[in-house]
Amino acid sequence: MARGQANGQWYPPEWPERIRALAAGGLTPVAPRRAATVLLLRDPGPTVHLLRRRTSMAFAGGAYAYPGGGVDPRDDDRAVGWAGPTRACWAKRLGVDESAAQAIVCAAVRETYEEAGVLLAGPTAGTVVGDTTGDDWEADRAALVARELSFAQFLDRRGLVLRSDLLGAWARWITPEFEVRRYDTWFFVAALPEGQRTRNASTEADRTVWITPAAAAAGYDRGELLMMPPTIATLRALTPYGTAAEALAAAAGRDLTPVLARARLVDGEIVLSWPGHEEFTKHVPAAGVGPGAASGAENGEASA
């Protein structure tokens, strides 16, 4: 990826060509896959947990992201142990039906365990599991990653219920129509449970960090940390809050209107924009090749 500007916005070299093809009617957008990602927070700070995608990854290699991923077809299994707001409440909050709401919330909790080793579940509706780093836990985590075990089966085997009340819906971003891989991603915030610790459990990441949102945003602005628009946008939105509890409390009032990039032709150039997020606007020649990446550094977005 070539350095294209001062900040760290991830920008694939194939975008200009694909944008032109979409505008000309020569590209049919793929349907976005539902996904979920979690901004794990801990005090003091608060700090947020980020992982760096391996540079060898085809999608957003070298970029910093949050733990997350696509919905598993079994995430809407009605047998899943459940605590916290009802599926109906989550359906209203997320703007989907109850089955989809459960799948999205379940994916958020499952992916956080798969990629960070943190489990938002407990034996009862008011408790959370402690240390999850033993060999037996790792065997179950590996089985989840391999899809040999559904999340409902995992919880049942452990005698646990998913703690949906530990999550707060924060944002929703949809991958642009001209992208090869598209995701309809819900972003959640959650506090790191007492007694648990994060670790790099993802085969897609080569580094993990705990960093304050302000420090991460400053690294992006200097071109040192590469990030996709949803990552840096959600980080900036976290900066006003002094504790994880404050951020979680604020989640209830967050607007979940989907953010979807738009591309239009203006005066001989393509203008790429994300409504409500002017800092990400790009001006690309209508003919020619665009920049490879906004930075030679790193970032991520596990799934948006």
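Look up: the structure comes first, before these words.
Here the structure is a predicted model, which is why all the values come from computation and not from measurement.

Asker: I'd like to hear about the overall build of the protein chain, residue by residue, with values.
Answerer: Broken down by element type, the protein chain carries eight helices and 14 strands. The proportion of buried residues among the 304 residues of the protein chain is 55%. A fraction of 74% describes how many contacts in the protein chain between residues 6 or more apart in sequence connect residues 24 or more apart. Total accessible area computed for the protein chain in this model is approximately 12200 Å², and 51% of it derives from carbon and sulfur atoms.

Asker: Explain unusual backbone geometry to me, using residue names and the numbers behind them.
Answerer: In this model, Asp43 is joined to Pro44 through a cis peptide bond whose omega is 0°. Residue placement: Pro44 occurs in the loop between β1 (33-42) and β2 (47-53). The omega torsion of the bond from Gly45 to Pro46 falls at -5°, within 30 degrees of zero and hence cis. Looking at the secondary structure, you find Pro46 in the loop between β1 and β2.

Asker: How would you sum up the environment of Met228? Please name residues and give values.
Answerer: Here Met228 is to be found in the loop between α6 (213-221) and α7 (229-238). In this structure, the C-alpha to C-alpha distance between Met228 and Gly8, residues 220 residues apart in sequence, is 8.3 Å.

Asker: Could you give an account of the nonpolar core, with specific residues and numbers?
Answerer: Counting 43 residues, the largest nonpolar core has Trp90, Leu94, Leu119, Phe151, Phe154, Leu167 and Phe188 as its most contacted members. Elements that contribute at least two residues to this core include exactly β1, α2 (87-94), α3 (98-116), α4 (135-145), α5 (151-158) and β9 (183-191). The leading source of residues in this core is α3, at 11 residues. With 41 residues, the next largest nonpolar core counts Val209, Ile232, Ala247 and Ala250 among its residues.

Asker: Give me the sheet that holds strand β13 (residues 269-274): which residues, what numbers.
Answerer: Read from one edge of the open sheet, three strands run β12-β13-β14, paired in antiparallel fashion. Both edges of this open sheet fall to β12 (262-266) and β14 (277-285), since each of them pairs with a single strand only. Strand-to-strand twist in this sheet, taken as the mean axis angle between neighbours without regard to direction, amounts to 25°. In the sheet, β13 pairs with β14 via five bridges, with the strands oriented antiparallel. Within β14, the residue paired with Val271 across the bridge is His283. Its contacts with the sheet place helix α1 (residues 15-23) against β12, β13 and β14, and it is angled at close to 100° to β13. On the sheet, α7 packs against β13 and β14 and is oriented at approximately 155° with respect to β14.

Asker: Describe the packing of α6 against α7, naming the residues involved and giving the relevant values.
Answerer: When two helices pack together, their arrangement is given by the angle between the helix axes and by the axis-to-axis distance. Between α6 and α7, the least distance of the axes is 8 Å, while the angle of their chain directions is 140°. Classified by the angle between their axes, α6 and α7 sit oblique to one another. The way α6 lies across α7 gives a crossing that is left-handed. Where α6 approaches α7, its residues Pro213, Ala216, Ala217, Tyr220 and Asp221 are matched on the opposing element by Ile232, Leu235, Arg236 and Leu238. Across the contact of α6 with α7, the residue classes break down as seven nonpolar, no polar and two charged.

Asker: Please set out the pairing of β2 residue by residue, giving values where relevant.
Answerer: Within β2, seven of the seven residues are buried, which leaves the element mostly enclosed by the surrounding structure. Both faces of β2 are covered, namely the face carrying Thr47, His49, Leu51 and Arg53 and the face carrying Val48, Leu50 and Arg52. Connecting β1 to the next strand, β2, in antiparallel fashion are four residues, including Gly45 with a positive phi near 140°. Bridge analysis of β2 against strand β10 (residues 205-211) gives six bridges, and the strand direction is antiparallel. Note on β10: the bridge partner recorded for Arg53 is Ala205.

Asker: Explain α6 to me, using residue names and the numbers behind them.
Answerer: Taken as a whole, α6 has its buried residues at Pro213, Ala216, Ala217, Gly219 and Tyr220. For α6, the arc enclosing every buried residue in end-on projection is 160°, short of the 170-degree limit, so these residues lie on one face. Turning to α6, the residues buried within the fold contact β2, β10, α7 and β14. The first or second residue beyond α6 is Gly223, which carries a positive phi of 80°.

Asker: Please give an account of the packing of aromatic side chains that cites residues and values.
Answerer: Enumeration over the complete set of coordinates arrives at nine aromatic pairs. Seen in terms of ring centroids, Tyr113 and Trp137 are 6.4 Å apart; in terms of plane orientation they differ by 75°. Their pairing is edge-to-face. In this pair, Tyr113 is assigned in helix α3 and Trp137 in helix α4, connecting sequence segments 24 residues apart. Their ring planes at 70° and their centres at 6.2 Å tell us that Trp137 and Phe154 sit as a pair that is edge-to-face. Placement of the pair is Trp137 in helix α4 and Phe154 in helix α5, with a sequence separation of 17 residues. Comparing Trp137 with Phe154, the two get one shared label, buried. Among the aromatic residues, ring-to-ring pairing joins Tyr113, Trp137, Phe151 and Phe154 into one connected group. One residue, Arg158, lies across the ring of Trp137, its end atom 3.7 Å from the ring centre.

Criteria and cut-off values
- Residues numbered from 1 in each chain as written.
- Predicted model: local features only at pLDDT ≥ 70, side-chain atom pairs only at ≥ 80, totals over all residues.
- Heavy atoms only, no water.
- Helix = DSSP H or I, 4+ residues; strand = E, 2+ residues; numbered from the N terminus.
- Buried < 20%, exposed > 50% of the residue type's maximum accessible area, 1.4 Å probe, protein only.
- Contact = heavy atoms within 4.5 Å.
- Areas by Shrake-Rupley, 256 points an atom, 1.4 Å probe, with all protein chains shown as cover.
- Core = buried A, V, L, I, M, F, W, Y, C linked by side-chain atoms within 4.5 Å.
- Pairing = 2+ DSSP bridges.
- Axes fitted to C-alpha atoms, helices over the stretch in contact; angles between N-to-C directions.
- Parallel < 35°, antiparallel > 145°, perpendicular 65-115°, else oblique.
- Left-handed = near helix turned anticlockwise from the far one by under 90°.
- Nonpolar A, V, L, I, M, F, W, Y, C, P; charged D, E, K, R; others polar.
- Arc of directions from axis to C-beta.
- Phe/Tyr/Trp six-rings, centres within 6.5 Å; stacked < 30°, edge-to-face > 60°.
- Lys NZ or Arg CZ within 6 Å of the ring centre and 35° of its normal.

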